[in-house]
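# Notes for the structure review
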Amino acid sequence: MTLAAHMPSGPHSLLKIIGAASALGAPHSGSAAAPDALKAASLVERLAGLGIAAEWLGTLQPQEVPADDADMATRLAANGEFARRLADHLAALDKAAFPLVIGGDHAIAVGTWRGLARRAGGAPGLIWIDAHLDGHTADTTYSGNIHGMPLAALLGEGDEALTGVPGPRLDPARICIVGARAWEAEERARLDRLGVRIFDMDEIRDRGLPAVFCDALAIARAGSGREGGFGVSIDLDALDPAAMAAVTCPEPYGLDPRELADLLLTLRGCGDFIGLEIVEYRPDLDPQGHCARWVAELAGAALGPGSYWLREKERHYGAANYAPLPAVFHRGEGVWLWDVEGRRYLDMMSAYSAVSFGHAHPRLVRALTDQAQRLALTSRAFSSDRLPVLLERLSATFGYERALPVNTGLEAVETALKAARKWGYKVKGVAPERVEIIACDNNFHGRSIAIIGLSSNTHYRDGFGPYPPGLRRIPYGDADALEASITPETAAFLVEPIQGEGGIIVPPPGYLRHCAEICRRHEVLLITDEVQTGLGRTGRLLACDHEGVRPDGVILGKALGGGLLPVSAFLADRKVMDVFQPGDHGSTFGGNPLGAAVAIEVLSMLAETRIWERVDRLGDQFRAQLRAAHLPAVRDIRGRGLLIGVELDAAASAARVAEHLLARGIATRDTNGNVIRLAPPLVIGEAELDHALRILREVLSEPVRSPVAMH
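Here is a short report on the structure shown in this document. Values in this document were obtained by computation on a predicted structure and should not be read as measured data. (Residues numbered from 1 in each chain as written. Predicted model: local features only at pLDDT ≥ 70, side-chain atom pairs only at ≥ 80, totals over all residues. Heavy atoms only, no water.)

## A look at the overall build of the chain
- Across its full length, the chain carries 25 helices and 23 strands.
- Across the chain, every contact between residues at least 6 apart in sequence was considered, and the portion connecting residues at least 24 apart equals 75%.
- Element-wise, carbon and sulfur atoms account for 52% of the exposed surface of the chain, whose accessible area totals about 28,200 Å².
- If you average the places of the 72 positive and of the 88 negative side-chain charges in the chain, the two averages end up 6 Å apart. (Helix = DSSP H or I, 4+ residues; strand = E, 2+ residues; numbered from the N terminus. Contact = heavy atoms within 4.5 Å. Areas by Shrake-Rupley, 256 points an atom, 1.4 Å probe, with all protein chains shown as cover. Lys, Arg positive; Asp, Glu negative; His and termini not counted. Charge placed at Lys NZ, Arg CZ, Asp CG, Glu CD.)

Below is the structure:
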């Protein structure tokens, strides 16, 4: 037995894909090519990348295609024959398999849902997502197209060639149509008479698609304790043709495919979801494959593994070096995150300040994709056309003569430590192996062996010694302690202008300025770690700008990569940086063209927007409003800009508060001690901050020791 066999499988983990290459009911044959085209467009591989074990069982072809001028009876017979074979194929599927049927035109639905009803042992409920009602019969059709008849046939009305396909008739009380906006009076009258619920686009615009989809699920799942379960049939013409033009019968003003995909995520947790059908894709109208990607996106949203299964896999296969909160995120846009069940969260953490311009910012994504298609990596064995531009922009933005780009913030800190040590030996003249570097208690500069040698956190240090010599600590915020600790062998003082992981600790006014003066007097390098505080986070371009301090070296990271890639850099003037010679320090990925292109765009956006100015105002406003709430559990509110810490009293648990916030759609977590970190993307608006404030007030006004139920 393999290791993977010990893992539980999700409800849709054994996905079987069946192509139904029939356009017998449509006015154009283009959709018949859809199954093979989607297979060639890597549908299976795309689903596999989401953790869905998909197998393409085969593609059914019509046995006979009637001539264009064939009469209705001949065409109905051909459609009926194909539907019977499709139904037999689906009815015979292994019970453990989950079927995904790829059409073809929508006439195949007669075979899909009769076959799945037989397999389930009862008629399923059905969410029919379509621009049209598909409620015609041969007697009422205006167009003569049979793909306008499948829903009526599934309900037992119409020609025997379709209604006679073996399998239970569907119950109209458990069927609903979502997205309809084009129909004839006869089919609307028929479906109204039968009791099918129709959510047309007017209602969707009035109520919103999430509310409508919730109602649709309730209708389709009504009585789903029976064996039938429920299914979803997606005719792609339900989508807005501005985003999904490659369909047989496009209709204007349809559903937003992104919004629909987000809602289909809710199906991942439905154990009674028995089948998915996607039809009416026209590959001949999709030369760039844009619409094929949407098909994969919709299928993946509905059929991917849910939170429980993904968390179990992470626990089973991953090292236990993190204890994440109970949400598994699937997508981010702007200041919002969506989990794999479709729940939406306001991001009040922004990946420890890395996502300053929000998730998937169009300019940053464009910079990334443009460069990825051109050149991503050469290593520093060669030059690229992106790195020189980044180096120039870093120098122009921050006023330092040189920059050394690497990847993570930890690497940038290590780079600064190496520069400081070599400077101590080569410039200051410290005796070999005697250089000292001073940092502060409660710091967080990363978790490499060298850096945790500077840490005062016993958990970070436990079991990882011995540590390199020459690393010392002093109390944070105490400039006199710095003065007293400096010796002739001291090369550098490494300090965070605001301690982030330490609990959002803001030092006393004038502290950094006093430290800079002490370092100048004693010929000690002042190096500021601005990995979390830089690039506008605190209401200034750099946090040290609050005191007008120009350090000898600055460490940047996180936000420099735009929330897309790890990009960091150490900045200093030549007197420090020129201690490096070729071979002294390097990184295969450091300064790579892809990361450089994104960082260049980040710096351009900072220069254009001066976003720190609004951050300063919003941060002051938010902290003032939070203080004005006089919340009984809150001991202190501190920070600068949009780096805010809410310290709780001993009776409350910051870890539990973070869980309660998550349950109410606010994504952040506790930090050192009993502090809640609030550090949203810098592009957050006042309305979103007001929303966060309201939830914070509610959660912090309640007991925070009870079990948490996710919203």
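Here the narrative resumes, following the displayed structure.
## Points about the side chain of E601
- The residue E601 is located in helix α22 (residues 593-609) in this model.
- Judged by relative accessible area, which is 15%, E601 ranks as buried.
- In terms of polar contacts, E601 uses its side chain to reach the side chain of R363, at 2.8 Å.
- With sequence-adjacent residues up to four places away left out, E601 is seen in contact with R363, L364, R366 and A367. (Buried < 20%, exposed > 50% of the residue type's maximum accessible area, 1.4 Å probe, protein only. Polar contact = N/O pair within 3.5 Å; in protein donor to acceptor, adjacent residues only side chain to side chain.)

## Some details on the sheet that holds strand β20 (residues 643-648)
- Spatial ordering of the open sheet is given by β19-β20-β23-β22, a layout of four strands whose pairing is antiparallel. Only two strands of the sheet have a single partner each, and these edge strands are β19 (634-640) and β22 (670-671).
- As judged from the six bridges shared by β19 and β20, these two strands associate in the antiparallel manner. If you follow R638 over to β20, its bridge partner there is G645.
- Against the sheet, helix α23 (residues 611-628) contacts β19, β20 and β23 (675-678), and its axis sits at roughly 175° relative to β19. (Pairing = 2+ DSSP bridges. Axes fitted to C-alpha atoms, helices over the stretch in contact; angles between N-to-C directions.)

## Focus on the packing of aromatic side chains
- According to the stated counting rule, one finds six aromatic pairs in the structure shown.
- Taking 4.9 Å as the distance between ring centres and 80° as the angle between the ring planes, the aromatic pair formed by Y308 and W309 counts as edge-to-face.
- Chaining the aromatic ring pairs together yields one cluster made of F98, F230 and F273.
- Here the guanidinium or amino end of R188 rests over the ring plane of W183, the centre of that ring lying 5.1 Å away.
- Directly above the aromatic system of Y400 lies the positively charged group of R550, at a separation of 4.2 Å from the ring centroid. (Phe/Tyr/Trp six-rings, centres within 6.5 Å; stacked < 30°, edge-to-face > 60°. Lys NZ or Arg CZ within 6 Å of the ring centre and 35° of its normal.)

## Re the packing of helix α10 (residues 257-264) against helix α11 (residues 290-303)
- Close contact between α10 and α11 brings their axes to 7 Å; oriented N to C, the two are set at 25°. Judged by the inter-axis angle, α10 sits roughly parallel to α11. Helix-helix and strand crossings are classified by hand; for α10 and α11 the assignment is right-handed. Counting all contacts with α10, which are made through P257, R258, L260, A261 and L264, the residues of α11 involved are W294, E297, L298, A301 and A302.
- For the contact of α10 with α11, the per-class residue count stands at eight nonpolar, no polar and two charged. (Parallel < 35°, antiparallel > 145°, perpendicular 65-115°, else oblique. Left-handed = near helix turned anticlockwise from the far one by under 90°. Nonpolar A, V, L, I, M, F, W, Y, C, P; charged D, E, K, R; others polar.)

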